[in-house]
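Residues per chain are reported as follows:
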Amino acid sequence: MATKTGGIHKPVTPSADLAAVVGKGPMPRSEIVSKLWEYIKKNNLQDSKDKRQINADAALEKVFGKKSVSMFEMNKHVSNHVK
């Protein structure tokens, strides 16, 4: 079976701010999103009243640029932190 290498599977390099949350080194965008969700759940950052909202801690605020984002806009902010 062929290895997927394009789109969401293409390895990208996280910025220093994003790497502080998901780890350093090139990794597929899909893995970055998975690691972000692990971090969000481990640190109980989902809003208790609206699970679609993520309340950023200090590390995530550097990535998102604000205190709270919806899970739908999270990927847009992540895009600004990968190359």
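Structure: see above.
Residues numbered from 1 in each chain as written. Predicted model: local features only at pLDDT ≥ 70, side-chain atom pairs only at ≥ 80, totals over all residues. Heavy atoms only, no water.

For helix H4 (residues 71–79), the complete set of buried residues consists of Met74, His77 and Val78. Along the long axis of H4, the arc covered by the buried residues comes to 100°, so they all point the same way. Facing away from the buried side of H4 by more than 90 degrees, the exposed set consists of Phe72 and Lys76. Against helix H1 (16–22), helix H2 (29–42), strand E3 (53–55), helix H3 (58–64) and strand E4 (68–70) lie the buried residues of H4. (Buried < 20%, exposed > 50% of the residue type's maximum accessible area, 1.4 Å probe, protein only. Helix = DSSP H or I, 4+ residues; strand = E, 2+ residues; numbered from the N terminus. Arc of directions from axis to C-beta. Contact = heavy atoms within 4.5 Å.)

Here we come to the pattern of salt bridges. Inspection of every chain in the model, using the stated rule, returns four salt bridges. Here aspartate 50 makes a salt bridge to arginine 52, at a shortest N to O gap of 3.2 Å. Under the relative-accessibility criterion, aspartate 50 is labelled partly exposed at 27%. Given the relative accessible area of 47%, arginine 52 is considered partly exposed. Here glutamate 73 makes a salt bridge to lysine 66, at a shortest N to O gap of 3.1 Å. (Salt bridge = Lys/Arg side-chain N within 4 Å of Asp/Glu carboxyl O.)

The biggest cluster of nonpolar side chains holds 20 residues, and the ones touching the most others in it are Leu18, Ile32, Leu36, Ile54, Leu60, Phe64 and Met74. Taken together, the elements giving at least two residues each to this core come down to H1, H2, H3 and H4. Per-element accounting of this core gives the leading share, five residues, to H2. (Core = buried A, V, L, I, M, F, W, Y, C linked by side-chain atoms within 4.5 Å.)

One can find histidine 81 in the segment after H4. On the basis of relative accessibility, which here comes to 13%, the residue histidine 81 falls in the buried class. Here the side chain of histidine 81 touches valine 63 through a polar contact of 3.0 Å, landing on its backbone oxygen. (Polar contact = N/O pair within 3.5 Å; in protein donor to acceptor, adjacent residues only side chain to side chain.)

Look at H2 against H4: their axes get within 11 Å of each other, and the N-to-C directions meet at 125°. Considering their axes alone, H2 and H4 lie oblique with respect to each other. For the pair H2 and H4, the sense of crossing is right-handed. Residue-level contacts link Arg29, Ile32, Val33, Leu36, Trp37 and Ile40 of H2 to Met71, Met74, Asn75, Val78 and Ser79 of H4. Looking at the contact of H2 with H4, its residues break down into eight nonpolar, two polar and one charged. (Axes fitted to C-alpha atoms, helices over the stretch in contact; angles between N-to-C directions. Parallel < 35°, antiparallel > 145°, perpendicular 65-115°, else oblique. Left-handed = near helix turned anticlockwise from the far one by under 90°. Nonpolar A, V, L, I, M, F, W, Y, C, P; charged D, E, K, R; others polar.)

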